[in-house]
Structure formats: structure tokens, C-alpha cells
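Observations on the model geometry
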Amino acid sequence: MTKILVVDDSEHNLYLLETLLGGSGYQVVTAFDGEQALAAAQDEVPAAIISDILMPVMDGFTLCRHWKSDERLRKVPFVFYTATYTDSHDEDFALGLGAERFVRKPAEPDAFLAMLREVLEQGVTENLVSSSAESVDEEVHLREYNQVLLRKLERKMEELEEANQLLEQRVNARTAELEERNQTLEAFAYSMAHDLGAPLRGIRGFAGILRSDEGEALSDIGRQNLDVIIASSDRLDQMMRDLLRYATMGSSGLGMGPVPLTNVMQRIRSDIADRQQATNATLIVPDALPTVYGERTLLNQVFANLISNALTYCAPGQSPHVEVSCQT
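Residues numbered from 1 in each chain as written. Predicted model: local features only at pLDDT ≥ 70, side-chain atom pairs only at ≥ 80, totals over all residues. Heavy atoms only, no water.

Section: the packing of helix α2 (residues 34-43) against helix α3 (residues 60-69)
Stated precisely, the cut-off is as follows: Axis lines are fitted to C-alpha atoms, over the contacting stretch for helices. Their N-to-C directions set the angle, which ranges from 0 to 180 degrees. The helix count covers DSSP runs of H or I at least four residues long, the strand count covers runs of E at least two residues long, and both are numbered beginning at the N terminus. Each angle gets one of four labels, with under 35 degrees taken as roughly parallel, over 145 as roughly antiparallel, 65 to 115 as roughly perpendicular, and the rest as oblique. In this scheme the handedness of a crossing depends on how the near helix is turned from the far one: anticlockwise by less than a right angle means left-handed, clockwise means right-handed. The contact rule is simple, with two residues in contact once any of their heavy atoms fall within 4.5 Å. Classes in brief: Ala, Val, Leu, Ile, Met, Phe, Trp, Tyr, Cys and Pro nonpolar; Asp, Glu, Lys and Arg charged; the others, Gly included, polar.
Taken N-terminus to C-terminus, the directions of α2 and α3 make an angle of 20°; their axes are 9 Å apart at the nearest point. In terms of orientation, α2 lies roughly parallel with respect to α3. Considering the relative orientation of α2 and α3, their crossing is right-handed. Contacts between α2 and α3 involve Gly34, Ala37, Leu38 and Ala41 from the first element and Leu63, His66 and Trp67 from the second. Among the residues making up the contact of α2 with α3, the classes are represented as five nonpolar, two polar and no charged.

Considerations on the packing of helix α10 (residues 261-271) against helix α12 (residues 296-312)
Where α10 meets α12, the closest approach of the two axes is 10 Å, and the angle between their N-to-C directions is 50°. When the axes of α10 and α12 are compared, the pair comes out oblique. Here the hand of the crossing between α10 and α12 comes out right-handed. Every residue of α12 that contacts α10 at Leu261, Val264, Met265, Arg267 and Ile268 is listed here: Asn300, Phe303, Ala304 and Ile307. The residue inventory of the contact of α10 with α12, partitioned by class, reads seven nonpolar, one polar and one charged.

Some details on the sheet that holds strand β5 (residues 101-104)
Each strand in a sheet pairs with another by means of backbone hydrogen bonds, the pair being arranged parallel or else antiparallel. Definition in use: When DSSP locates at least two bridges between a pair of strands, those strands are taken to pair.
Within the open sheet, the five strands sit side by side as β2-β1-β3-β4-β5. Their pairing is parallel. Because the sheet does not close on itself, it has two edges, and the strands there are β2 (27-31) and β5. Sheet twist, expressed as the mean angle between neighbouring strand axes with direction ignored, is 20°. With respect to the sheet, α2 is in contact with β1 (3-7) and β2, its orientation differing from that of β1 by roughly 160°.

Some points on the side chain of Asp8
The condition is simple: Any residue under 20% of the maximum accessible area for its type is buried, any over 50% is exposed, and the rest in between are partly exposed; the area is computed with a 1.4 Å probe on protein chains only. The definition of a polar contact used here is a pair of N or O atoms within 3.5 Å, where within protein one atom must be able to donate a hydrogen and the other to accept one, and adjacent residues in sequence count solely through side-chain atom pairs.
As for its placement among the helices and strands, Asp8 is situated in the loop between β1 and α1 (11-22). By relative accessible area, which is 3% here, Asp8 ends up buried. At 2.9 Å, the side chain of Asp8 and the backbone nitrogen of Ser10 are in polar contact. Side chain to side chain, Asp8 and Lys105 meet in a polar contact 2.7 Å long. In contact with Asp8, not counting residues within four places along its chain, are Asn13, Leu14, Ala31, Phe32, Asp52, Met55 and Lys105.

A few points about the side chain of Thr82
Among the structural elements, Thr82 can be located in strand β4 (residues 78-82). The class of Thr82 is buried, set by a relative accessible area of 0%. Within the structure, Thr82 has its side chain in polar contact with the backbone nitrogen of Thr84 (distance 3.1 Å). Residues contacting Thr82, with those up to four places away along its chain left out, are Asp52, Ile53, Phe102, Val103, Arg104 and Lys105.

A look at the pattern of salt bridges
The condition is simple: Salt bridge criterion: a side-chain nitrogen from Lys or Arg within 4 Å of a carboxyl oxygen from Asp or Glu.
Following the criterion strictly, the structure yields twelve salt bridges and no others. A salt bridge links Lys3 to Glu44, with the nearest nitrogen and oxygen atoms 2.7 Å apart. Taken together, the residues span a long stretch of sequence, with Lys3 in strand β1 and Glu44 in the loop between α2 and β3 (48-51) at a distance of 41 residues. The class of Glu44 is partly exposed, set by a relative accessible area of 48%. In this structure, Arg174 engages Glu177 in a salt bridge whose closest nitrogen and oxygen atoms are separated by 3.1 Å.

Okay, structure coming up:
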């Protein structure tokens, strides 16, 4: 069975070639870089080598130069198969090193197999070898090799610049889109605050009048419930004002500062007292919690949501057990 050595640092590319060649009756040996390929070939000479160019440790150009300088390997056909070095100057340099073929990825499978069969049939002539790598002295080789790398670097820089320009355009478009959405959010927040503000002030005002004028006539539970209505109205008003501030945070920023979590938990415990009693829940909170740096309203909402969910989403027939703790 004809043995083909395939060299590529991409497992995906190796798999594709191994599948194609193996399915066509060839025995495939793989390597991830030029150094591995050279060692494998010196251990057992293949019928041909198919090599990528851009690889770590030893690239394809260097591998080809060593290959054509080796007495045992110089007559083995060398095929470059590359997707990165595709310039005509790259091809000239590769063929000047003694390579039999220079193929650009991706190649059609039938055409690639036909090329390989042709290379295997033609083989390598002494004239081709003697007119290629051996005739190129070290100084000329290095100069041409550097020119190839320089052209590659220049193309990569151009591609990078184009990518940066495209990215900048996308960022600008996305920024404009976000600014438009922020303006919509701000308009909605102002509209909502305006529409809800009047009935909320009515609730707060009439609750205050009721507490002032009829407070003595109410039962203890009635006064407690009225106090809850007033306190809830005040918090809702604060939330609406915070929402307005949150909608415009892009320009003004959040109101960050020290937040005593003990005070936050005291307010939450007061808010959920009725639900805790209705669910027969156990809520354990330390007497002293730390003061943290953050946004008071948002932190309050986070903890309120967590504890409220813990009381709500409990297994049927079981009483919730919620414990708050902290550690530094």
C-alpha cells in the first residue's frame, strides 16, 4: 500500500486528508509539524509528502529545504498544500526549494487525487533536484525566505486593518442602536412615572389622612395595615424615582455608596412578615450584617427577590426554612 506522509498543525485538516486519502487506498501517516514529519520520514521513507506551510517548531518551507537536502528523501515528491501562503511569489519560492507541486486550499477532492497520482507517477528527476535546493546558497535562500515572510506579514497587517475598520463600524452602529434604545427607555420611564405618580400620590395622601383623622377609631391591626400601605407607597415612590435615575445612568451613573445590609434585611423582614406567617416559614437573619459598597435600591431589590422566591418556591406541604449568613 502506497504510504503518504501528511503534515499539518490542524487536527481538522489532518482528518480531512486522512479520510480522503485513506478512502482512496493510500496508507496515511500524519505529523503536526515539520520536525515530526522529518523524523517520521527518516524512520520510514514515504512515497510522497503533503505539507502545510504555516506550522510551529518547523514550517513547511524549512521542512522542504531539509527534505531536498537529505539523500534518502530528496527523490520523494514534496507537495505543498496551503491556505495561508497563496501568493504567486510564495509559489515561486516553494517550487524553487524543489517542491513538485504547490496546491492552494481547499482543492476539489477529485482534482487533488488526480494531482497526487500524477506526482507519484512522474516522481522526481535528478535534474529537478540539482537545479533546485542544492543550487540555492544559504544567503540567497534566507533573503528570499525573509521576503516571503515579509509579504505574509504585510498581508496579515492589511487584513487586520480591514478587520479593525469593520469592527469599528459595527461598534459605532451598535453604539448608535444602544443610544436609541436608552432614549426610548428614558422616555418610557418618564412616562410611567408621570402616569403612575398621580394615583400613587392619591393613595399615599388619602392613607395619611385616614391615619391622621381616623387612626384612633381603628383597631391595632387596622392601624398596622394602614402603616404598611403608607410605607409601601413611600417605597414604590422611591422605586419610581430610582427607575428614572437608572434609565439615565449612562450619563449620570448609579448612586454607589456604603449600604448597611442589616438595615436592608430589617426592611425586607417587615415587608414579608405577612407572607412568612402565612407560610409558617422560618427566617433566620444575623443581628449584625456587614456594610457593603453598592447601590442601595438595587441591592434591596436583589435580596428581596431572593428571599421572596425562597418563601414562594417550596415543596408542597413543607414550611420554608430560609437562613441568611455572610462571610468575609
